[in-house]
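Breakdown of the fold
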Amino acid sequence: MTVRRSHARIIVATVTAAALIGAGTYAAVSSPSPSGQTPAPDTVAAGRATPAPSRAPVEAGRSTPPAAEPAQVDAAAKVVRNNKKAVRAVAGEKYQARDVVVDQDGDRHVRFDRTWHGLDVLGGDFVVHTSGTGELTGATVAQDAAIDVSRKPKVAKATAVKVAKKQPAEARLVVDAHAGKPALAWEVTVADRRVVIVDATTGKTRRTYDLVHTADTSTGHGMHNGDVKLSTTRTGEGAFDLTDPDRGGGSTRDALNSTDPPTEANSRAFTDADDVWGDGTMADRATAGADVHYGMARTWDYFADTFGRAGVNGDGKGTTAYVHHDVNEANASWNDRCACVMFGDGDGSRKPFTSLDIVGHELAHGVTFRTAGLVYAGESGGLNEATSDIFGTLVEFAADNPADEPDYLVAEMTGPEPLRRMDEPTRVGRSVSCWTPTIKDLDVHRSSGIANKFFYNLAVGSGTTQWGSSTPCGGAAPVTGIGNAAAGAVWYRALTTYMVSSTDFAGARTATLQAATDLYGADSAELSSVQAAWLAVGVDGSGTVPPSTTAPVIDPVEFPLGHIGTAVQHQLTGRDPQGQSIVWSATDLPPGLTITPEGLISGVPTEKIRSVVRIEATDPDGNRTGLTAPPWHIKGPPAPVSPLPASRAFNVGTEVSFFSRFDDYPDYYLNDDKPVTVETSGLPDGLTATAAPDPDLTFMTKVTVTGTPTKEGTGTIRYTVTDDDGETAVFTQPYTVSSALPPLTPTGYVLPSDTNGTAVVAWDSPPGGPPVTGYVVRVTPGSERVLPATTRTLTLPGLDTKQTYEISIRARGTAVDSAEKVLKLEPSGATVTLSPPSLIVAHGSAVTLSGTVTPAPANAKVVVEQKPATATTWTQVGTVTAGATGAWSRTVNPTVTTAYRASYVPARSGLWTATSPTSTITVRYAVTVTPSTLSTTANKTVTFTGTVRPATAGVQASLQRYTDGAWVTIQSTQITAAGNYSIARAFARGTWNLRVVATGGGTNAYGYTSALKLTVS
């Protein structure tokens, strides 16, 4: 025998309340040893008694549409947001509730479908299980891994349609997470009947499945239900149609043998004047309508009376059925697209596919579609088909119609033999009875035999009974039946609460074990029978013990929320494949907690922490398994980000600004990073506090205190901090406000001018400190000046450069002035010489000034200044650097008589400039003359013209004669603004020695031309 193992052969003996296992697994239970039974020969006994229940059935939990339970959906959605890893969530996902089941004890089970960035996720569905108080107790998740795919397909839509090899077809982009690693894919729907999933990256077909869930492809003949009562609707006087007003308006219509998918447009309502439908033969088209309408009512009643489910969707709305679909169609089907059912008329070898169990079968497909959504391919498809066989059979038993006596055969009324049988599926057609690894590759109608046989054994038991004969696979132990009611309750709860779209037979085993535990208890006979019934079909049956080198298996860990000071106890669970005991250890447990070798973690947490715990399980052979568990959160009151200073000190009049940060670390991981709220009280007079999320770290709250204390005293600042859970902590800071402080002492310097006895005082106040109201500058010898707080410089004119001065600066405060900043201004002690002391030069001559600075400072800076005769102030000619001996020189080019002086400027502030005596360079006028002639006759006019430089206003040009040993002026004229002149006169006979002299103007010494000899005859 081949055994299907869900994970390992050895199963722990307790239900793990918060186990989170993928691909449709939920929790592991003990493996009971059912009582022995001797298999009987393969015979079927007649009779109509239903299998005896082991005890009164327990309600399996009511399934309702999400719209009817918005509070339950919202609560489950919140649980998902807070436990994203539990459902393998990633960014970009959204969830839509599909179904809600609420147990009698208040436990809730909400089923969600998933999208990722707007793309439907096939196989992304999951069920969130919570307690009546909303605490997460588990999750059943279809997909194996979180989504990590590109959103851009490499394979075009048209290419994907070609891969499907069918036309016409529709394609849409999805994420296929049905089995294994999720992938971007094209879902190609062919003629609304078949779906081909094409990998959008590789272009390969990932899988295919049918949208139309059929009874089978075999054929048959016959009429079925005999004389029955129907619920119809009066449409007018004397007219009725097959619409059931008592069951959500479900209707049965004539598909008119159309081969197209039926709609209201291409079908016709059955109407009748006397409300009597059909004649028991196919001659009357209403006969098929009567059979189906009856089956629809019985199926509605079974689900409503047994599970409180009103209709396929659980929303109180009926379903539309179409009979006479296609021509010679030996089939019936449910269509997920229209959520409707269709029934064929048979093909000669089989009668119409309208029998009671077929109607129940097809409507059960709709229940599966609206709950677990089992994909109609592979093992999940076999489970889908078996679910319909199971509930079709249970509807048949509930109706107990003598014309179609209940049994565990499928569609037996349509032909000479049934399409399938549940006691031993291999006896009909090609169905299988025992699980093998190749089951997933079979048609779903064949692989359904595994779950059909499981259900038969669970309801009836193994061996030979009046209902059939079933032999456990591979010599497994006999099974004791628990009756249809209990078996149906277990399967319904497993379907609606724990199965998901990708559930396989191993997952179905886990789901039904959990369902039986929920309904009847962990030590119940029902749970033992569920375990035994799966062993009887080769799922998790006996097998060889794994080798001793196989390491222990640690069950998924979900630590409970803890709190500082509250005792914690958490039991780790797992199993050793060889069935040996496990020794447990753990590192990085929250402070205050310890672990025993048996895996019990307990203690009283002493620190608020988010601890990532590393767990190890070791068996006696030394095999070790490690697991890093999801973070363990130990909650507690909020606190400052950094410790607050023990106390604070302030002064009256001194501005204050400081801040403190508070947060709820690590609790904010659980509440979407919500910051804490902080109320501040007890502040000194003049201070205020503002609290707001820190702009850089929004999960922190920043409290900023600002202002200026106005009153001396002591007190305590109180910060009352409240987190998102409503937990409050108070933090205090004593403070003292002392008397006002003086302002900080200013910094400053004094800079003298180069020569003229003027100095500039400049100062500033260091940052911080009490406010400044003004400044006082005192000069000794001299006076005191009071200046505004904005002033930073003061010019001091008229000082004696040979005098030493003391200059003090102090800042004025609101109550007390600062200490004085004292500066000194004194002679430098240097002597500066200037040579030549005086000199007369011709206009345009260069003059070299020179001198020394003694004592000779290094790199002495000498400033040479001038004051021309035309100016009243000194101006700088230039700066020279004295040599090592203090000697310096500078060449000047005066154009007018100019005074010069040299000053030594000390390198540091606070020293007067040393200035030399004045040197005067006298510059003569430059004069030119041009006579009209130098030889003339008496009394004839001679003209003398020329220029005077510089052309200074008021300069007089004079013509002089040399006589008796002296120059005597004989005629004068004023020069023009351009410096030109002209003198004309006649001379007596003789020889005349002449020149022109320029005088006056006040800028230059007199200048003259060379002598001229004029001959007059």
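Per an unreviewed UniProt entry, the protein chain is named M4 family metallopeptidase, and its organism is Paractinoplanes lichenicola.

A few points about the nonpolar core
One finds Phe 391, Phe 454, Trp 491, Met 499, Phe 505 and Trp 534 to be the most contacted residues of the largest nonpolar core, which totals 58 residues. Only α3 (286–307), α4 (356–370), α5 (378–399), α7 (449–459), α8 (484–498), α9 (505–520) and α10 (525–535) provide two or more residues apiece to this core. Leaving out residues up to four positions away in the same chain, Phe 505 has contacts with Glu 379, Leu 383, Trp 435, Ile 439, Ser 447, Ile 450, Ala 451, Trp 534 and Val 539. Of all hydrophobic cores here, the second largest spans 24 residues; its members include Val 292, Ala 321, Val 341 and Ala 411.

Focus: the packing of aromatic side chains
Under the defined criterion, the tally for this structure stands at 28 aromatic pairs. Taking the centre distance of 5.2 Å and the plane angle of 55° together, the rings of Phe 303 and Phe 391 count as tilted. Of the two residues, Phe 303 sits in helix α3 while Phe 391 sits in helix α5, which places them 88 residues apart along the sequence. This pair shows no difference in class: Phe 303 is buried, exactly as Phe 391 is.

Quick notes on the pairing of strand β34 (residues 624–628)
Sheet analysis places strand β33 (residues 614–618) next to β34, joined by five bridges and oriented antiparallel. From the neighbouring strand, Ile 615 faces β34, where its bridge partner is Leu 627. Counting the residues between successive antiparallel strands, the hairpin from β33 to β34 contains five residues, one of them, Gly 622, with a positive phi of roughly 90°.

Focus: the layout of surface pockets
To find the voids left in a structure, one rolls a probe of water-molecule size over its atoms. The volume enclosed by the second largest pocket comes to roughly 850 Å³. Around the second largest pocket sit 40 residues that line it, and Arg 98, Asp 113, Leu 122, Arg 172 and Phe 369 are the ones nearest its centre. Where the lining of the second largest pocket is concerned, the elements lending two or more residues are β2 (93–102), β3 (108–116), β4 (119–122), β8 (183–190), β10 (205–210) and α4. Partitioned by chemical class, the residues of the lining of the second largest pocket number 13 nonpolar, eleven polar and 16 charged.

Here we look at the sheet that holds strand β35 (residues 632–635)
Paired through their backbone hydrogen bonds, the strands of a sheet run either parallel or antiparallel. One open sheet accounts for three strands, arranged β26-β35-β32; its pairing is mixed. Each of the sheet's edge strands pairs with one partner strand only, and the pair in question is β26 (562–563) and β32 (609–611). Pairing of β26 with β35 involves two bridges; the strand directions are parallel. Bridge pairing in β35 links His 563 to Lys 635.

Let's talk about the state of the cysteines
Cysteine pairs can be linked by a disulfide, which is a covalent bond between their two sulfur atoms. In this structure the tally under the stated criterion is two disulfides. With a sulfur-sulfur separation of 1.9 Å, Cys 338 is cross-linked through a disulfide to Cys 340. Residues Cys 338 and Cys 340 are joined through a disulfide that is left-handed, its torsion about the S-S bond being -60°. Disulfide pairing is shown between Cys 434 and Cys 473; the S-S distance is 1.8 Å. Across the S-S bond linking Cys 434 and Cys 473, the dihedral sits near -90°, which makes this disulfide left-handed. Separated by 39 residues along the polypeptide, Cys 434 in the loop between β22 (420–421) and α6 (444–447) and Cys 473 in the loop between β24 (468–470) and α8 bring together distant segments of the chain. Numbered by position along the chain, the disulfide-linked cysteines of the protein chain connect as 1-2, 3-4.

Section: the environment of Ser 447
By the element assignment, Ser 447 lies in helix α6. Assessed through its relative accessible area of 0%, Ser 447 is described here as buried. When the C-alpha positions of Ser 447 and Pro 425 are compared, they lie 9.5 Å apart, and in sequence the two are 22 residues distant. Not counting residues within four places of it along the chain, the set of residues in contact with Ser 447 comprises Gly 378, Gly 382, Val 432, Ile 439, Leu 442 and Phe 505.

Some details on the side chain of Ser 765
By the secondary structure assignment, Ser 765 is in the loop between β45 (759–764) and β46 (774–780). Here the side chain of Ser 765 touches Tyr 775 through a polar contact of 2.6 Å, side chain to side chain. Beyond its immediate sequence surroundings of up to four residues, Ser 765 is in contact with Val 772 and Tyr 775.

With respect to unusual backbone geometry
The general pattern is negative phi for most residues beyond glycine and trans for most peptide bonds. Here the residue pair Tyr 665 and Pro 666 is connected by a cis peptide bond, since its omega of -5° sits within 30 degrees of zero. Position of Pro 666 among the secondary structure elements: in the loop between β38 (656–663) and β39 (677–681). Geometrically, the link from Thr 780 to Pro 781 is a cis peptide bond, its omega value of -5° lying close to zero. As for its position among the elements, Pro 781 is in the loop between β46 and β47 (784–788). Located in the positive-phi region is Ala 339, a residue other than glycine, with phi close to 50°.

About the cut-offs
Residues numbered from 1 in each chain as written. Predicted model: local features only at pLDDT ≥ 70, side-chain atom pairs only at ≥ 80, totals over all residues. Heavy atoms only, no water. Core = buried A, V, L, I, M, F, W, Y, C linked by side-chain atoms within 4.5 Å. Buried < 20%, exposed > 50% of the residue type's maximum accessible area, 1.4 Å probe, protein only. Helix = DSSP H or I, 4+ residues; strand = E, 2+ residues; numbered from the N terminus. Contact = heavy atoms within 4.5 Å. Phe/Tyr/Trp six-rings, centres within 6.5 Å; stacked < 30°, edge-to-face > 60°. Pairing = 2+ DSSP bridges. 1 Å grid on protein atoms, 1.4 Å probe; cavity = no way out; pocket = protein on both sides within 12 Å on 5 of 7 lines; lining within 4 Å. Points joined across faces, edges and corners; volume = space filled by probe spheres on them. Nonpolar A, V, L, I, M, F, W, Y, C, P; charged D, E, K, R; others polar. Disulfide = S-S within 2.5 Å. Polar contact = N/O pair within 3.5 Å; in protein donor to acceptor, adjacent residues only side chain to side chain.

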